[in-house]
Amino acid sequence: MADAKVIPFGEEPRSRRRAARRTDRADAAERAGTGRPALKPVPAQREDPPGPVPGTVRPADEGEGARPAAGGWERKLAQGLNFLRRRVTGEYEVDDFGYDAELTEQVLMSLLRPVYEKYFRVEVKGIENIPDTGGALVVSNHSGVLPLDGLMLQVAVHDHHPAERNLRLLGADLVFMLPVVNELARKAGHTLACAEDAQLLLERGEVVGVMPEGFKGLGKPFSQRYKLQRFGRGGFVSTALRARVPIVPCSIVGAEEIYPMVGNARTLARLLGLPYFPVTPTFPLLGPLGAVPLPTKWTIQFGEPIPTDGYSPEAADDPMLMFNLTDQVRETIQHTLYRLLVQRRSVFF
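Residues numbered from 1 in each chain as written. Predicted model: local features only at pLDDT ≥ 70, side-chain atom pairs only at ≥ 80, totals over all residues. Heavy atoms only, no water.

- Looking at an unreviewed UniProt entry, the chain carries the name Acyltransferase family protein, with the source organism given as Streptomyces palmae.

The structure is reproduced here in structure tokens:
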């Protein structure tokens, strides 16, 4: 076979170069009459899919990496403006106790939730013991100088219960005598601690919370922490018997240490019309800064419900039965407190 002629790189046969020059001159002559320059070949480019029309938002599911639709902050802003508009125009509903479900859900719970989750880091146990429907009476211990345990209990029931039930707390007279506190308590669904209001809420199928220790438990000294005070005359048991709803004992660990009360300025308390005036290691020594609670770790335990629908209607007037049931609830809460304290490794962690 004859040897192939090798052409150096960059050199072409003369015939091929002449043919190429003739082709270029022909193209130039063809366009000379139009005055347009000769067209240069354009390299082939990969065609991209057509993009969205300017001013429109591309759906979030148009391929990987697509930008999402209108941001969540825009939706939240619109919801917030609508909420404010309804507040101004009065287009919202409250029940006959003053409970504002929308305000509680969107504002009050949003303010309390960071304290509940990040500051006190509340752990909830036995939330399934609160029924999904119908009335129930939650009976809890009370402590901490300020009633923060009641607010944290409300968040626990709302956020952890499968049915997101709202807890309607029964408060003392002092709560509803303070101007701002009165309005907020009513809006959050709480009412005065009286048998008539409690029974009406329970018959409507609400979850009602009561802390029978009252101010005796809230303002007890630090040396008596986690020792339950007297539960009154058992009026909450009589209310549960009349409404035929279960009683759910509840134990809260962690609230006793948020304000270690080492003293009580009784004279100052009488002058201010308060049941007690606490003296703690930081208050009133540090002024307003001393009112900041300590970041203790909380545990809330809901015990097994105590049924009341098996008793006769006359049982609510039996003082011996009320005493026995009251003592049963109190002992259940106290034993649960001791068990949780044994399991706790640290006050703050």
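**A few points about the sheet that holds strand β4 (residues 191-192)**
Phase 1: With respect to topology, 7 strands assemble into an open sheet ordered β1-β9-β6-β2-β5-β3-β4, the strand pairing being mixed. The sheet is open, and its two edges are formed by β1 (123-125) and β4, each paired on a single side.
Phase 2: Strands β1, β2 (136-140), β3 (167-171), β6 (247-253) and β9 (299-302) of the sheet are contacted by helix α4 (residues 148-160), whose axis makes an angle of about 65° with β9. (Pairing = 2+ DSSP bridges. Helix = DSSP H or I, 4+ residues; strand = E, 2+ residues; numbered from the N terminus. Contact = heavy atoms within 4.5 Å. Axes fitted to C-alpha atoms, helices over the stretch in contact; angles between N-to-C directions.)

**As for empty space enclosed by the protein**
Phase 1: One pass over the structure, following the stated rule, counts 1 cavity of 30 Å³ or more.
Phase 2: Approximately 50 Å³ is the volume attributed to the largest cavity.
Phase 3: Lining the largest cavity are Gly144, Val145, Gly217, Leu218, Lys220, Pro221, Phe222, Glu256, Tyr259 and Met261.
Phase 4: Here the lining of the largest cavity is built from residues that sort into 6 nonpolar, 2 polar and 2 charged. (1 Å grid on protein atoms, 1.4 Å probe; cavity = no way out; pocket = protein on both sides within 12 Å on 5 of 7 lines; lining within 4 Å. Points joined across faces, edges and corners; volume = space filled by probe spheres on them. Nonpolar A, V, L, I, M, F, W, Y, C, P; charged D, E, K, R; others polar.)

**Some points on the packing of aromatic side chains**
Phase 1: Within the structure shown, the criterion is met by 5 aromatic pairs.
Phase 2: With a centroid separation of 5.2 Å and 75° between ring planes, the pair formed by tyrosine 119 and phenylalanine 120 is classed as edge-to-face.
Phase 3: Since its relative accessible area comes to 29%, tyrosine 119 is described here as partly exposed.
Phase 4: With relative accessibility at 1%, the residue phenylalanine 120 sits in the buried group.
Phase 5: Centre to centre, the rings of phenylalanine 277 and phenylalanine 283 are 5.9 Å apart; their planes meet at 35°, and the pair counts as tilted.
Phase 6: Phenylalanine 283 gets classed as partly exposed once you look at its relative accessible area, which sits at 24%.
Phase 7: Ring pairs connect the aromatic residues Tyr119, Phe120 and Trp298, which therefore count as one cluster.
Phase 8: The ring of tyrosine 92 carries arginine 87 above its face, with NZ or CZ at 3.7 Å from the centroid.
Phase 9: Of note, arginine 225 hangs over the ring of phenylalanine 222, and the distance from its end group to the ring centre comes to 4.1 Å. (Phe/Tyr/Trp six-rings, centres within 6.5 Å; stacked < 30°, edge-to-face > 60°. Buried < 20%, exposed > 50% of the residue type's maximum accessible area, 1.4 Å probe, protein only. Lys NZ or Arg CZ within 6 Å of the ring centre and 35° of its normal.)

**Things to note about the pairing of β9**
Note on strand geometry: in a regular strand, side chains alternate between the two faces of the sheet.
Phase 1: Every second residue of β9 is oriented toward a common face, with Thr299 and Gln301 on one face and Ile300 and Phe302 on the other, all of them buried.
Phase 2: Examined bridge by bridge, β6 and β9 share 4 bridges and lie antiparallel to one another. By the bridge assignment for β9, serine 251 is matched with glutamine 301.

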